[in-house]
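The primary structure of each chain is shown beneath.
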Amino acid sequence: MCLSRPGLPHDGTERFFEYFGGDAVYWPFVHGQHPSIASKLRAIGSPVVVEVAVPAADLVRFGPIARYVLECHHQRLNPSVRRPDAEAYVERDLAPEEVIQVTPRQSFVP
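Presented here is an overview of the structure given in this document. (Residues numbered from 1 in each chain as written. Predicted model: local features only at pLDDT ≥ 70, side-chain atom pairs only at ≥ 80, totals over all residues. Heavy atoms only, no water.)

## What about the nonpolar core?
Nonpolar side chains in soluble globular proteins tend to end up buried together. The cut-off we apply is this: By nonpolar core we mean a set of buried residues, namely Ala, Val, Leu, Ile, Met, Phe, Trp, Tyr and Cys, connected to one another through side-chain atoms within 4.5 Å. Per-residue accessibility, obtained with a 1.4 Å probe over protein chains only, is compared with the maximum for each type, and a residue is labelled buried under 20%, exposed over 50%, and partly exposed between these values. Any two residues having at least one pair of non-hydrogen atoms within 4.5 Å are treated as being in contact.
In terms of nonpolar packing, the biggest core is built from 5 residues, these being Tyr-19, Tyr-26, Val-30, Ala-38 and Leu-41. Once residues lying within four places of it in the same chain are set aside, the contact partners of Val-30 are Arg-15 and Tyr-19.

Written out as structure tokens, the structure reads:
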């Protein structure tokens, strides 16, 4: 999960939009060992961004969530400050009511 919109065209997220199935599916095939499988994974479906609302307590973040919130606030006060890293994951299934919207990638990211 990216916790901020600016992370999507950067921060190593491009492969999520290039290959079907997420890193658990594509990772073994994208380093040149199996180009035919990688091309098949690239051809499946159209990439989308799924926006969700989950409680912060459910996020497992690589660093404290409070620090990320403070860094975001700091950047609003001083736009020259580097944008904070913003990755996380949840260890449970997401409920349908937690999905805010699904947007085609090309419409979401300029």
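## Thoughts on the side chain of Arg-105
Which entries qualify depends on this criterion: Numbering goes from the N terminus for both helices and strands, where a helix is a DSSP run of H or I of at least four residues and a strand is a run of E of at least two.
On the secondary structure map, Arg-105 appears in helix α5 (residues 105–108). Sequence-distant contacts of Arg-105, defined by excluding residues within four places in its chain, comprise Glu-14, Phe-17, Pro-47, Val-48 and Val-49.

## Remarks on a nonpolar patch on the surface
Selection criterion: Patch definition: residues with relative accessible area over 30% and no salt bridge; like charges joined within 9 Å; nonpolar side chains (Val, Leu, Ile, Met, Phe, Trp, Tyr) joined within 5 Å. Accessibility throughout is a Shrake-Rupley quantity obtained with a 1.4 Å probe, and a residue counts as covered only by protein chains that appear here. Salt bridges, as used here, are contacts in which a Lys or Arg side-chain nitrogen is within 4 Å of a carboxyl oxygen on Asp or Glu.
On the surface, a nonpolar cluster with roughly 300 Å² of combined accessible area is contributed by Val-48, Val-50, Val-99 and Val-102. Counting residues per element, the ones that place at least two in the nonpolar patch are β1 (48–52) and β4 (99–104). With respect to the element layout, Val-50 can be found in strand β1. With relative accessibility at 46%, the residue Val-50 sits in the partly exposed group.

## Here's the deal with the environment of Val-99
Take Val-99: it is sitting in strand β4. Linking Val-99 and Glu-51, residues 48 residues apart in sequence, is a C-alpha distance of 6.0 Å. Apart from residues no more than four positions distant in its own chain, Val-99 is found in contact with Val-50, Glu-51 and Val-52.

## Thoughts on the pattern of salt bridges
Scanning the model with the defined rule gives 3 salt bridges in all. Note that Glu-98 and Arg-92 form a salt bridge whose closest N and O atoms lie 2.6 Å from each other. You can call Glu-98 buried: its relative accessible area is 13%. Accessibility expressed as a relative area gives 32% for Arg-92, which makes it partly exposed. Because the salt bridges share partners, they merge into one network encompassing Asp-58, Arg-92 and Glu-98.

So yeah, pure geometry; function would need other evidence.
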